[in-house]
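# Structural characterization, general
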Amino acid sequence: MNAPQIIKTSTGEELVVIPKADYEALLHAAEEALEDAADVAIYDERKADLKTEQALPADVTMDVLRGSSRLRALRNWRKLTQAELAATIGVSQGFLSDLESNRRKPSAQTSAMLAKALDVPGEWIEP
């Protein structure tokens, strides 16, 4: 950055003159700072949410990151087959497969039965 030039107007106001490239660099830095501040705000909001919600177990999170649906990851974490979980909640294995692949959405009642069968908080079951 070049040294700024200070100019005094006839009213005594001081103006700072800088090269256009320096001005554009300052604008870019300010935009980056605003974007960073927005990211920090999102992070802080998510972190606050974690204080009120139970975090998913690491094994479940890793399974989801590898591409499994949350329901499938929870079932795998509990070491249950689709047939076993389906029988426990009284639905067909095909219906459970549709839920796991997000071809169908569970009703509130089905979500509650899944949460109970998997022994997890209800919010862990995607509605």
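Given the structure is predicted, the values throughout are model-derived calculations rather than measurements.

### Considerations on the pattern of salt bridges
- Applying the stated criterion to the full structure yields 4 salt bridges.
- Salt-bridge contacts for Glu-100 lead to Arg-72; the nearest nitrogen and oxygen are separated by 3.1 Å. Highlighted residues: Glu-100 in helix H5 (residues 93-100) and Arg-72 in helix H3 (residues 70-77), separated in sequence by 28 residues.
- Classification of Glu-100 as buried rests on a relative accessible area of 1%.
- A salt bridge links Arg-103 to Asp-98, with the nearest nitrogen and oxygen atoms 2.9 Å apart.
- Its relative accessible area of 57% is what places Arg-103 among the exposed residues.
- One salt-bridge network, held together by shared partners, links Arg-72, Arg-75 and Glu-100.

Conventions and cut-offs
Residues numbered from 1 in each chain as written. Predicted model: local features only at pLDDT ≥ 70, side-chain atom pairs only at ≥ 80, totals over all residues. Heavy atoms only, no water. Salt bridge = Lys/Arg side-chain N within 4 Å of Asp/Glu carboxyl O. Helix = DSSP H or I, 4+ residues; strand = E, 2+ residues; numbered from the N terminus. Buried < 20%, exposed > 50% of the residue type's maximum accessible area, 1.4 Å probe, protein only.

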